[in-house]
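The primary structure of each chain is shown beneath.
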Amino acid sequence: MLSLKRDKKEEEDGTGNPFNNLEKSTVLQEARTFNETPINPRKCGHILTKVLYIINQGEPIGQTEATEAFFAMTKLFQSKDPILRRLVYLGIKEMSKIAQDVIIVTSSLMKDMTGKEDQFRGPAIRALCSVTDHSMLQSIERYMKQAIVDKVPAVSSAALVSALHLGKGSHEVIKRWVNEAQEAVNSDNVMVQFHALGLLYHIRKTDKLAVNKLVSKFSKHTLKSPYAYCLLIRIAAKLIEEEDAGSDSPMFDFIESCLRHKSEMVIYEAAHAIVQLKNTTAKDLAPAVSVLQLFCSSPKPTLRFAAVRTLNKVAIKHPAAVTACNLDLENLITDVNRSIATLAITTLLKTGNESSVDRLMKQISTFMSEISDEFKIVVVQAIRSLCAKFPRKHNVLMTFLAQMLRDEGGFDYKKEIVDCIITTIEENAEAKEAGLAHLCEFIEDCEHTVLATKILHLLGREGPRTPTPSKYIRFIYNRVILENAAVRAAAVSAIAKFGAHCDDLLNSCVVLLERCQLDSDDEVRDRATFYVNVLKQQQKALSSAYILNGLQVSVVGLERALHQYTLEPSEVPFDLKSVPLAAQPISDQRVRDVPGENPSSKPSQDKVAASRQDVYQEQLAQVPELANLGALFKSSSPVEVTESETEYYIQCVKHTFSNYIVFQFDCTNTLNDQILEKVTVEMEPADGFEVTKYIPCPSLAYNKPGTTYTLVRLPSEPTQVTGTFACTLKFLVKDCDPQTGEPDEDGYDDEYVLEDVEVSVADHVQKVMKPNFAASWEEVGPENELEDTYALSTMNTLEEAIKNIIQYIGLQPCERSDKVPEGKSSHTLYLAGVFRGGHDALVRAKLALDSSGVTMQLTVRSTDPHVSEVLATAVA
Amino acid sequence: MGFFDSLAQWLGVKKKEVNVMVVGLDNSGKTTIINHFKSPDAKSHDIVPTVGFSVERFKSKALAFTAFDMSGQGRYRNLWEQYYKECDGIIFVIDSSDKLRMVVAKDELNLLLENPELKNRTIPILFFANKMDARDAVSSVKCSHLLELQAISNKPWFICASNALTGDGLHEGVEWLTDQLKVVLQKKKK
């Protein structure tokens, strides 16, 4: 009674969620009420709900607390109250992973699962499966089998779904339930049939042949449940994908026949599957697309949404097929459901031609304010692809984007627009002025610091090269006056770039920067002081190195190097060249899970900025034999040296140091009846190279990756840098029991021939982006210049030539010179980087296309004469 | 408790509720004993080893029992103590034909008696020397010797021989427990 009153009161004063402001410790304290006898189901139910709420809010509960609450909860089995009992089942499921000794409820649950109360049986089965571990599974197996074939659908479904969950850990036990699952597939209940089919597939999914049989069996014998049909279609589609089969496969016939099913769900699933398939012809697609087209005019909004969403997804892949639906899509533009309308318009934008863009953009702008941010992003993405497709339409699209920038919207949405404008500026020189103007306007009133700094950086880079750089300075300087410290600092850097680039603006920029020296923030003042002093020197090389080019090294590497330097003080000043360079391009910085790594070095991978190379550096430092090779200069991306799906799977990574190369072989043994020991890769070195050390991998068990290293000294002759290495994998094989992994006592030596590993010029250079190539070119000077002319007769286009040159030389293309404007017959490619040992290397390649192929005039400048020689011969 | 419950109790329509724990080594017959007290339609026919515990209800003349039928397997015995706090009485089942493990039963009994939750409480303990029909079963007197029951001073206890399959001796024991629990409940009221 009391609790009832309290509930009422809570409802009155607490509008909204009555469970707000729950405290974990209080709730767990309250859970002790469960121990009281007799049990008050109402009160206990309320408390248990609170406990469940707390757990589902993601609040961490300690093991001891959880166990205490769990045991208190087990006492609620005394009560026969159905609501409370079902809450207890939920409680058991939620706490089964955090409390100890949860096995205690097994018998109670088994009693309920075989009991008379049907409404307890299903939940009891689910709860039981969550507390049962693999060793206990056998004791409940008999009951589970019975439950699967139970005539009550809820019980059968619960058992089937639980079996699916159990299958993750104890596949072997679940396999034995196949007969029961077979029987359940014949059930009249739609859900039971669906779940049973799911379980059957799960049991057999590793065996492709069995899955094939499964599909062909059930595709003939008519299933009742539309859900089961949908699942079958998905399985069939997956099979087609895996086998790379075309439309002649029986699977495809089955999916195609589902297009004529009576349930809309099945029809949609079949159409969806067909349009997503890879190898389809227009003829195969036609029936599926016509089904989707029909759905587009359905009175049910869900069907319209599903159809238009599917069409939207495949619009790029099958433009012709989707164009057939254009008329229906046009009708959907005015749909009352804005999500459908947005998808319809963006689909039309993707497939439409240049002339329809204006009209569609006008239409879309009428309801931009009514759709959610998520769909606005879809629109922006469509516009982005349009910008790439129809560069001539940029002013319509730009205006539209600017309009969107002015409207209300969240960070993600604004970021998407800004990204879109930036890519358009970069791709399309004509759009640059307008785009920059829009962005300038946007930062006048931008609440997102991240976006403002990004745009300021862009202005600093692109602004100075426009015809009238001075007009941007006003916008930038306004930021210095009005914004927070981070934006001010970015603005200062941008102004300095204008000063460094445009001689006529230098004095004005210095004046502005001098004013910034009075700023209240340290960083802003420091930057301003630094830039003023550099600019006052009026030396092009200095400005280019310290203002325009910025920091080239990897931040994590720099931090580590500086830390090392402070630990071992020495007379020698810190050398920035010893710091590994930041890997270019930046998109390549995903952190890979490096096999065979010590757990101690794991945390370093979690650092956000740790690039792939930093991870390797850390990993190599863990191997004592490789620790004193100096700083890692470059790590290549992994190359496979075995065919895939052979006995052993091996990848090679080349690490370049100043005098050595380390070949890292990441090996995986795919035979479960063998253990390999003392694994090394023997290398037949090319001339001048010398193998100095092998570091074997002590043991290589089935499916557990291991790493072995081979250390090679580079030739003393500085121009000799390339070579081909023949590799052989040598190891000691021990046969073992596939189940237990227990190896035999003695083994035998064996070897395995790997593909050759090549060391090319690209392994000796690191890509570096020089934003202002001309300045850097002058900075290095002509002392070590080499020039040569080549005829690349095998290349037929400039693009192809550029791609190959970059691949051979391994330097970073600068100033977007890797993109050739359409219709030109000559082009100049600028490449920049650093050669092993810290020598700057710059390459200018003038390319001309004529009837016989591509002619190239290659000019190399470097701080070291040997480097120039190596690079000049790289292409030859 | 609501008003109607107390009224019903006063009128004697509704029986007083008590909690008892059924403990003992594995395969001593705990679940079978409880099964015997259940109404004919609720009886289960095959008894399997209990995992964890299960809650059962049965009635005697004056009381409604809620029995926590605990698992007797070695690895679950340490979980008994989670349920000591709320119980009003204990039924300890002994397999009187298993002389070998009598010492194990004694150890478990001592652990139970020494548990801080039970040590200073006067709660009745009923011993069933079960499986008295077995050929090599020891008598209840011998049983109490082997378990040194005479050393229990602060709790009322009673031992009777039983056969859970036929029900011999079970009612005698439960009658004793009912009488004891009634006394305890009366004391509680005062």
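Residues numbered from 1 in each chain as written. Chains lettered and ligands numbered in written order. Predicted model: local features only at pLDDT ≥ 70, side-chain atom pairs only at ≥ 80, totals over all residues. Heavy atoms only, no water.

Going by what an unreviewed UniProt entry lists, chain B is known as ADP-ribosylation factor-like protein 6 and is assigned to Lymnaea stagnalis. For the record of chain B, the UniProt heading Sequence similarities (unreviewed entry) holds the text "Belongs to the small GTPase superfamily. Arf family." (UniProt positions renumbered as here; feature names shortened; annotations may be inferred.)

An unreviewed UniProt entry annotates chain A as Coatomer subunit gamma of Lymnaea stagnalis. For the record of chain A, the UniProt heading Sequence similarities (unreviewed entry) holds the text "Belongs to the COPG family." Within the UniProt record for chain A, the comment given under Subunit (unreviewed entry) is "Oligomeric complex."

**Q** Would you explain the interface of chain B and chain A in this entry?
**A** How big an interface is tends to be stated in terms of accessible area lost as the parts join. Of the residues lining the interface, 23 residues belong to chain B; the matching set on chain A comes to 22 residues. In this assembly, chain B packs against chain A so that about 1900 Å² is buried in total across both faces, 58% of it on carbon and sulfur atoms. Area buried by chain B at its contact with chain A is led by V51, F53 and E86 of chain B, which between them contribute 26% of it. If you look at where chain B meets chain A, you find 2 salt bridges. A salt bridge links E86 of chain B to K75 of chain A, with the shortest nitrogen-to-oxygen separation between them at 3.2 Å. Seen at the junction of chain B and chain A, the total is 9 residue pairs in polar contact (both at pLDDT 80 or more). The element best represented in the side of chain B that touches chain A is strand β2 (residues 53–59) of chain B, accounting for 5 residues. When the residues that make up the side of chain B that touches chain A are grouped by side-chain class, the tally is 11 nonpolar, 6 polar and 6 charged. (Contact = heavy atoms within 4.5 Å. Buried area = accessible area lost by both parts, 1.4 Å probe. Salt bridge = Lys/Arg side-chain N within 4 Å of Asp/Glu carboxyl O. Polar contact = N/O pair within 3.5 Å; in protein donor to acceptor, adjacent residues only side chain to side chain. Helix = DSSP H or I, 4+ residues; strand = E, 2+ residues; numbered from the N terminus. Nonpolar A, V, L, I, M, F, W, Y, C, P; charged D, E, K, R; others polar.)

**Q** Explanation requested: the confidence of the model for chain B in the structure shown.
**A** Reading fine detail from the predicted coordinates is not recommended where pLDDT is low. Model confidence for chain B is summarised by a mean pLDDT of 85, while 92% of its residues fall at 70 or above. Scoring the predicted complex yields pTM 0.59 and, for the interface, ipTM 0.83. (pLDDT = per-residue confidence, 0-100.)

**Q** Would you mind showing me how to read the packing of aromatic side chains here?
**A** Two measures describe an aromatic ring pair: the distance that separates the ring centres and the angle between the ring planes. Counted under the stated rule, the structure contains 19 aromatic pairs over all chains. Aromatic side chains F71 of chain A and Y83 of chain B sit 6.1 Å apart centroid to centroid with 70° between the ring planes, which places their arrangement in the edge-to-face category. Here the residue F71 of chain A occupies a position in helix α4 (residues 63–74), and Y83 of chain B occupies one in the loop between β3 (63–70) and β4 (89–95), the pair thus bridging two chains. On the basis of relative accessibility, which here comes to 1%, the residue F71 of chain A falls in the buried class. Here F68 of chain B and Y83 of chain B contribute two aromatic rings whose centre-to-centre distance is 5.5 Å and whose plane-to-plane angle is 35°, an arrangement assigned as tilted. On the criterion of sequence distance, the pair formed by F68 of chain B in strand β3 and Y83 of chain B in the loop between β3 and β4 is long-range, its members being 15 residues apart. With a relative accessible area of 5%, F68 of chain B lands in the buried category. Residue classification places Y83 of chain B among the buried residues on the basis of a relative accessible area of 2%. (Phe/Tyr/Trp six-rings, centres within 6.5 Å; stacked < 30°, edge-to-face > 60°. Buried < 20%, exposed > 50% of the residue type's maximum accessible area, 1.4 Å probe, protein only.)

**Q** Is there a simple way to explain helix α3 (residues 102–114) of chain B in this structure?
**A** Three- or four-residue spacings in an α-helix give side chains the same orientation, since the helix completes a turn every 3.6 residues. Given a rise of 1.5 Å per residue, 13 residues ought to cover 18 Å, and the 18 Å separating the end C-alpha atoms of α3 of chain B matches this to within 8%. Elements in contact with the buried residues of α3 of chain B: β1 (16–24), β4, α4 (116–119), β5 (125–130) and α5 (140–146) of chain B. (Expected span 1.5 Å × (residues − 1).)

**Q** Help me understand the nonpolar core in this model?
**A** As a rule of thumb, nonpolar side chains are buried together in soluble globular proteins. Residues and elements named next belong to chain A. The biggest cluster of nonpolar side chains holds 236 residues, and the ones touching the most others in it are I92, L109, I255 and M404. If one sorts the elements of this core by residue count, helix α14 (residues 226–243) sits on top with 11 residues. Once residues lying within four places of it in the same chain are set aside, the contact partners of I255 are I233, A236, A237, I240, A270, A273 and I274. (Core = buried A, V, L, I, M, F, W, Y, C linked by side-chain atoms within 4.5 Å.)

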